Amino acid sequence: MNAPNKSGWKPEMQAAESGFLGGPVTSTGNRGLMLKEPLLFEIGRADVTGVDLPEVDASAPTRLGGLARSEAIGLVGLTEPETVRHYTRLSRQNYGIDLGFFPLGSCTMKHNPRLNEKMARLPGFADIHPLAPQNAVQGALEVIHQLGEWLCTLTGMPAVAMSPKAGAHGELCGILAIRAAHEARGDAREVVLVPESAHGTNPATAAFAGYRVEDIPATPEGRVDVAALKARLGPDVAGVMITNPNTCGLFEKDFREIADAVHAAGGYVYCDGANFNAIVGKVRPGDLGVDAMHINLHKTFSTPHGGGGPGSGPVVLSEALAPFAPLPFIRQNASDGSFYLVEEENREERGPSFGRMTAFHGQMGMFTRALTYMLSHGADGLKQVAEDAVLNANYILRSMEDILHAPFGASGPCMHEALFGDKDFTNGLSTLDVAKGLIDEGYHPMTVYFPLVVHGAMLVEPTETESKAAIDQFITAFRGVVERALEGDEALKQAPYYSPRRRLDETGAARKPKLAYEG
Amino acid sequence: MRYYTDEHEWIEVEGDIATVGITDYAQGQLGDIVFVELPEVGAMIEQGKDAAVVESVKAASDVYAPITGEVTETNSALEEDPSLVNNAPEDGGWFFKMTIAAPAELDKLMDEDGYKAFVEGL
């Protein structure tokens, strides 16, 4: 790891030292209309406030007893315009999907159509309360129900649990359903198998649900070692968790064979669906023998991942696991077409559900955006999403592999992400330096050092959002930085030079984090 | 006598107690270590199974027990200063000491020359 830039923290240091604009150092530290931003504590004062609070009668009795605060809380005072400007200025130093290309592998940072936002903000969806009477929110319930039907159709699965609030939460939902199904038949099992090509959250989920996790190795071509997996199956194995397409960017083509073997051994198959974007409309996971799979609405169906929005991770379930789905879920009344919730009190309908993942029904805003995305693309459009995402990733893979190590380049086309390694860099340069160099070029870096099976991994996911022109421009920048790493350019070790902050001291931040303002 | 595993742990045997750590090559690959999770003293650990966790700015990695035995002592200095693993991986940055339940397990490990050749082949 290279030494962090010692001048990292204060913006005035950077302006003074680099002088890269060639102009004079300003007395404010600002550069034109790009304003230097101090900390709130540095601009705040004790004698101002942005809110007008009523006078307090200090002699009035309270119920705080000995718990009443005896010292000042130490927060600074700010006027409302100062506060608004502070955060708006900081936001100008941020980078997001609305500013440029965001090739973060395993995250599917796609464009968020403004139509989605318009729909999500309709008062009938945005301003309702989870405890509102069901007859007052029929439209919202219909959206959840209809979205669930789309998810079942796209995945070829019979049931869906809508409430999990993100990918890993969905994984937990699936694994708890698997545990409930085993327990319902009096079959206690202890082990969940997780291949090396799976997402890092998979083993964490299985461990959290009380299982012992065992690794299954990857083959040299980057897929699950089917023979090793079959050899490990037995009466103690509750199931497997496989990411498909996997984190090496490859389709697990032996999935059906694996699923059949797991089922024959009495286990269940969990598929991590975080990479569903590559196969939506092309492959139905239900046809591959999947028992449970989460779908990241906030990736595959465009809700604003990384843009301030929450996640949403509905889980589709097979016939075997469907009865154990968490509460609440939505049913349609056959007589009048109305929608209603099945909760704890609907005893006859709830079945052996394992309980609840959330207090209410999940992320309504994400549901509305995802359904809008589906309806505006249509079934044919969603298929093209997958095709374009895969085409874009392969274009990057084949445009880089002559100079950048592509460990699985010979395993055939990649799916929606291209994986590279830092094998040929010289002069101690590493993946981290390339990532920092890309910041200077105006790009958010790709995912680095994941998956672990590749040395110095760089995982690039362009998504279908980008045009050929945008991708060509990225390739030019990426090739330029990689060539510097191959040549051993010493200057790259200090990158980034042009960002609001220079290279940060990641080690110091982890070892000795400063979590409060220290005056 | 010092032995090495193909998972980049070293084990130094003195009498009936063995000291375990990770190799210089391993710390170099991990980068700056920011946290080390050590086993409990008295825990029985089994050859090849998880014994400790080492976290760097890049990733969290398991450290496997090179042999089977009982943990007798852990290096509490690592809790205060995990950079010891970077600065003195095969000395002051040791992880834990353990008993040797099955001395025959040591025979399957590499000696210093064997490990050196193994690393060069990577």
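See above for the structure.
Residues numbered from 1 in each chain as written. Chains lettered and ligands numbered in written order. Predicted model: local features only at pLDDT ≥ 70, side-chain atom pairs only at ≥ 80, totals over all residues. Heavy atoms only, no water.

Student: Looking at this model, I keep getting lost on the interface of chain A and chain B. Mind explaining?
Tutor: You'll often see interface size given as the accessible area lost when the parts meet. Across the contact, eight residues belong to chain A and eleven residues belong to chain B. Counting the surface lost from both chain A and chain B, the interface buries some 880 Å², and carbon and sulfur atoms represent 59% of this. Put simply, chain A and chain B have zero salt bridges between them. Inspection of the region where chain A meets chain B yields four residue pairs in polar contact (both at pLDDT 80 or more). Considered class by class, the residues forming the side of chain A that touches chain B number four nonpolar, two polar and two charged. (Contact = heavy atoms within 4.5 Å. Buried area = accessible area lost by both parts, 1.4 Å probe. Salt bridge = Lys/Arg side-chain N within 4 Å of Asp/Glu carboxyl O. Polar contact = N/O pair within 3.5 Å; in protein donor to acceptor, adjacent residues only side chain to side chain. Nonpolar A, V, L, I, M, F, W, Y, C, P; charged D, E, K, R; others polar.)

Student: How should I be thinking about the packing of aromatic side chains in this particular structure?
Tutor: The description of an aromatic ring pair rests on the distance of the ring centres and on the angle between the ring planes. With the rule as written, the count across this model stands at eleven aromatic pairs over all chains. Aromatic pair tyrosine 95 of chain A and phenylalanine 102 of chain A: ring centres 5.8 Å apart, planes at 50°, arrangement tilted. Between tyrosine 115 of chain B and phenylalanine 118 of chain B the ring centres are 6.2 Å apart and the planes differ by 40°, which places this aromatic pair in the tilted class. In this pair, tyrosine 115 of chain B and phenylalanine 118 of chain B are both assigned in helix α4 (residues 112-120), three residues apart and thus about one turn of the helix distant. Judged by its relative accessible area of 25%, phenylalanine 118 of chain B falls in the partly exposed class. One aromatic cluster is present, built from ring pairs that chain together Phe101, Phe420, Tyr443, Phe474 and Phe478 of chain A. For arginine 2 of chain B, the ring lying beneath its charged end belongs to tryptophan 10 of chain B, and the centroid distance is 4.2 Å. (Phe/Tyr/Trp six-rings, centres within 6.5 Å; stacked < 30°, edge-to-face > 60°. Helix = DSSP H or I, 4+ residues; strand = E, 2+ residues; numbered from the N terminus. Buried < 20%, exposed > 50% of the residue type's maximum accessible area, 1.4 Å probe, protein only. Lys NZ or Arg CZ within 6 Å of the ring centre and 35° of its normal.)

Student: It is not clear to me how the nonpolar core should be interpreted in this structure. Could you clarify?
Tutor: Among soluble globular proteins, nonpolar side chains are generally buried collectively. Residue and element names in this part refer to chain A. Leu147, Leu151, Leu229, Phe301 and Met374 are the most contacted members of the largest nonpolar core, which totals 57 residues. For this core, the domains that each give at least three residues are domain 1 (115-371) and domain 2 (386-511). In contact with leucine 229, other than residues within four places in its own chain, are Leu193, Ile216, Val224, Val240, Ile258 and Val262. Of all hydrophobic cores here, the second largest spans 29 residues; its members include Leu397, Leu438, Val481 and Val482. (Core = buried A, V, L, I, M, F, W, Y, C linked by side-chain atoms within 4.5 Å. Domains from an automatic or database assignment.)

Student: When you look at the pattern of salt bridges in this model, what are you seeing that I'm missing?
Tutor: Two side chains of opposite charge can pair, provided their charged atoms sit close to one another. All names here are of chain A. Counted according to the given criterion, the structure contains 33 salt bridges over all chains. Of the charged contacts in the structure, one is a salt bridge between aspartate 472 and lysine 468, with a shortest N-O distance of 2.9 Å. Here aspartate 472 and its partner lysine 468 are both found in helix α15 (residues 468-487), four residues apart, which amounts to about one turn of the helix. Exposure remark for lysine 468: the relative accessible area of 54% places this residue in the exposed category. Here the salt bridges do not stand alone but share partners, grouping Glu190, Arg212, Glu214, Arg232 and Asp236 into one network.

Student: Explain the environment of arginine 284 of chain A here, please?
Tutor: All names here are of chain A. Here arginine 284 is to be found in the loop between β5 (268-272) and β6 (292-294). Classification of arginine 284 by relative accessible area gives partly exposed; the value is 40%. Between the C-alpha atoms of arginine 284 and proline 24, which are 260 residues apart in sequence, the distance is 61 Å. Excluding anything up to four places from it in sequence, arginine 284 contacts Thr153, Leu154, Thr155 and Gly156.

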